[in-house]
Structures are given as structure tokens and as C-alpha cells.
Amino acid sequence: MAFPSSSIRAASSTVHPTYLSLHLPNSHHASSRPSNTNHDNSYKCVKSPKIVRRSLFSLPASFLLLHVSSSLAIDDTNTPSTSAVDTTITDRIFMDFSVCPSYFRSDRPLGAELSSCPDSEPLGRVVFGLYGRLLPVTAANFKATCTAAAYRGTLVHKLLQGQFFAAGRQGSRRDKGEVQPPSGLVRNSETVNPKAFKLRHARPGTLSLCLGENDDDDDIKLNPNYHNVEFLVTTGPGPCPELDGQNIVFGTVLEGMDVITSIATIPTYKPAERIRLFNDFAQLIGDERAQTARAMWDRPLKTVYISDCGELKVTKKYLSPPSLP
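Bear in mind that the values here come from a model prediction, so they are computed numbers and not experimental data. (Residues numbered from 1 in each chain as written. Predicted model: local features only at pLDDT ≥ 70, side-chain atom pairs only at ≥ 80, totals over all residues. Heavy atoms only, no water.)

**Points about the packing of aromatic side chains**
What counts is decided by this rule: Whether two aromatic rings pair depends on their centres lying within 6.5 Å, for rings of Phe, Tyr and Trp, where Trp uses its six-membered ring; planes under 30 degrees apart make the pair stacked, over 60 edge-to-face, and the rest tilted. A run of H or I in DSSP becomes a helix once it reaches four residues, and a run of E becomes a strand once it reaches two; helices and strands are each numbered from the N terminus. When a residue's accessible area, from a 1.4 Å probe over protein chains only, is under 20% of the maximum for its type it is buried; when over 50% it is exposed; and in between it is partly exposed. Any Lys NZ or Arg CZ found within 6 Å of a ring centre and within 35 degrees of that ring's normal is scored as a charge over the ring.
Tallying each qualifying case throughout the model produces seven aromatic pairs. On the basis of an interplanar angle of 90 degrees and a centroid distance of 6.5 Å, the ring pair of Phe-128 and Phe-142 is categorised as edge-to-face. Taken together, the positions of Phe-128 in strand β3 (residues 121-130) and Phe-142 in helix α6 (residues 136-147) put the pair 14 residues apart, joining distant regions of the chain. For Phe-128, a relative accessible area of 0% gives the class buried. Taking the relative accessible area as the measure of exposure, Phe-142 reaches 4% and is therefore buried. Between the aromatic rings of Phe-142 and Tyr-151, the centroid separation amounts to 5.5 Å while the plane-to-plane angle is 45 degrees, which identifies the pairing as tilted. Here Phe-142 and Tyr-151 have matching classes, each one buried. Through a chain of ring-to-ring contacts, three or more aromatic side chains come together here, namely Phe-128, Phe-142, Tyr-151, Phe-231 and Phe-250. Over the ring of Phe-94 we find Arg-125; its NZ or CZ atom is 4.0 Å from the centre of that ring.

Structure representation (C-alpha cells):
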């Protein structure tokens, strides 16, 4: 006696996928083998590709989810994992940010440093925590530059609203807010170590060493005493994935995120579209003046600078919260 089609569909919906591939018409399983009285007709039903296709669509949802999750797990092996990264805060560094309204005044003394601005307007203090165990050289150089007061009087020379601001451009012009690194800094070999780029710019307040966004002149970079001291701080509100893999995340903001937000609201210089196109053409033909002009883009229209900096002692090392990148 032949099985009704509804019975076959019901039976196929309960068969596990492995049974579906192993129990062919020659199988001796009692639940799938047809009776001997009508062997030919039952054989045709079991062999029918239509029944097999229906049984595939009736697979349990848990099996489909397991298959999808396993595929995602395989693809996820190419993405860096930060679960095992040691983000212990080993050092605390403070920076006081201020605005100098008289920086562009004609009566400003020639060569006067920003740190001696007579009408300074404080914005507030920011406290950074450094990942000294993960990036010991980068953290040590940043700490040494702060404790030597080399960052004092440094200009915030770039601000991309909604993304980050950069400071610490190296150079010999202290009156222009440039940094002269102190002696004794170690050559940073972590800038060529792939493991140093594991952390991402995933949240506001991320402290990162400028490499891909570095604006230091090529002549300065060729100096044998050159050190990477330029840094950036993400301002939010969202992540900055375009910075990942190019700049080294070595710390985070512990206090003073309101100061970072206030800096991010300062308007910046935006060239007209015609000037941008002309600059792109000049850079294409190798005009060196194009890079000099481009350095003026995205500069804050207010003179924001680091009025003071130094180290705050850490009495007890502690792990950064899990939400940190």
C-alpha cells in the first residue's frame, strides 16, 4: 500500500539532516523503507527530488542558526580580538588646555611662547590613562615628554569635527606651538610592530600616537633625532574606524571628557571647493607648496594649546573598564 503524500512530508520533516543524507532508498531503516507489497511506487516517492527539497525547507530553525553562527565564527578569525589585550592603566598623565585670544594680535611679542600667553582662558584639565604593559615604549616616551614639560605651549593644530583633534607637532618653533622632544627618548620600535595596532578607535576619548595622521615635515622626519611625539584624541560621538591600523592606541581619557567635547565644538578653517581642487592638482604635479597649504586646513579658528602637563601618581595599578577599547 502506498504512503499518502502528507505522511511522507510529515516523516521527512522530523528526519535529522544526517539521516537525510545517509538513508537512501537502499537503506534498511524501518521508518523510511517502503513495504514490499508496493515496492516500485514507494521507491519512486522516496527518490523523488521534490520530497527531498521539501524536507530541506522543513529543517529545524536551531540547525540553521547553528550553521550560520559557525560560518560567522570562521569569518571572524580574520578580525583582531581585543579580549586578551592587557589594558592595565600603569600611568596617569594630566594636560591643561587653554585658549590664547591674543595669539594673532599684532602687538604680540616676537617669539613669545604660547605657555606665556598673558590673557589665557582655561578650558579645563584632561587626565589620560596609559596602557604601559601593552605598549611600554610608546607610553614611556609620552610620559617623559609630559614630565619634561615639552608639551607645554603645544598647539592643537588639527581638528576634524566629529572625529578627533591632534597636537604635539614636532619642530623648533616654540612660538608656533611646536614640540621639541626631550633628550633620552627611546627609538620607538613599536611603530613597526603589528601587535601594537590591535586596539581600535572605538569610542570617544581614545588616546593614540599619530602615524598615519602625522603632519610633521619630511625634513624633520629625516632627522636622526626624530621621535614620534604627535598624538590625537578622538572626540566622538562615534568611532573612527578610518584611524584603525594606522595609529597606535596607547591610552584613554579618564577624566575631563567635557573638555574634549568643548574643544570639538570650536569652528575650523574649511577651504572652498575651488581651492581644494587647485591644491589636489598642485599636489599631483609635485608642487611642494600644496602640502604646506594643506597643513592649514582643519585648523581651529581659536588658538587652543596645552598650558600645562605632568604626571599624576598611580597608587595602585588597576584594569581599565571592559567598555574601553
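**Here's the deal with the pattern of salt bridges**
This is how the line gets drawn: Salt bridges, as used here, are contacts in which a Lys or Arg side-chain nitrogen is within 4 Å of a carboxyl oxygen on Asp or Glu.
If you walk through the whole model with that rule in mind, you get 11 salt bridges. Among the salt bridges present, the one from Glu-311 reaches Lys-143, with a minimum N-O distance of 3.1 Å. Taken together, the residues span a long stretch of sequence, with Glu-311 in strand β9 (residues 304-312) and Lys-143 in helix α6 at a distance of 168 residues. The partly exposed category is assigned to Glu-311, whose relative accessible area is 27%. Overall, the relative accessible area of 25% leaves Lys-143 in the partly exposed class. Where salt bridges share partners, they join Asp-91, Lys-143, Glu-311 and Lys-313 into one cluster.

**Observations concerning empty space enclosed by the protein**
For clarity, the cut-off: Here a cavity denotes grid points, spaced 1 Å and computed from the protein atoms alone, that fit a 1.4 Å probe unable to get out, and a pocket denotes an open set having protein on both sides within 12 Å along at least 5 of 7 lines; residues with an atom within 4 Å of a point are the lining. Grid points are joined across faces, edges and corners, and a volume is the space filled by probe spheres set on the points. Each residue is assigned to one class: nonpolar for Ala, Val, Leu, Ile, Met, Phe, Trp, Tyr, Cys and Pro, charged for Asp, Glu, Lys and Arg, and polar for all the others, Gly among them.
A full pass over the atoms with the stated rule returns one cavity of 30 Å³ or more. Size it by volume and the largest cavity reaches roughly 40 Å³. What lines the largest cavity is simply Thr-138, Asn-141, Phe-142, Thr-145, Tyr-151, Leu-209, Asn-228 and Val-229. Element by element, the count of residues in the lining of the largest cavity is highest for α6, at four residues. Counted by class, the lining of the largest cavity contains four nonpolar, four polar and no charged residues.

All quantities given are derived from atomic positions and should not be read as evidence of function.
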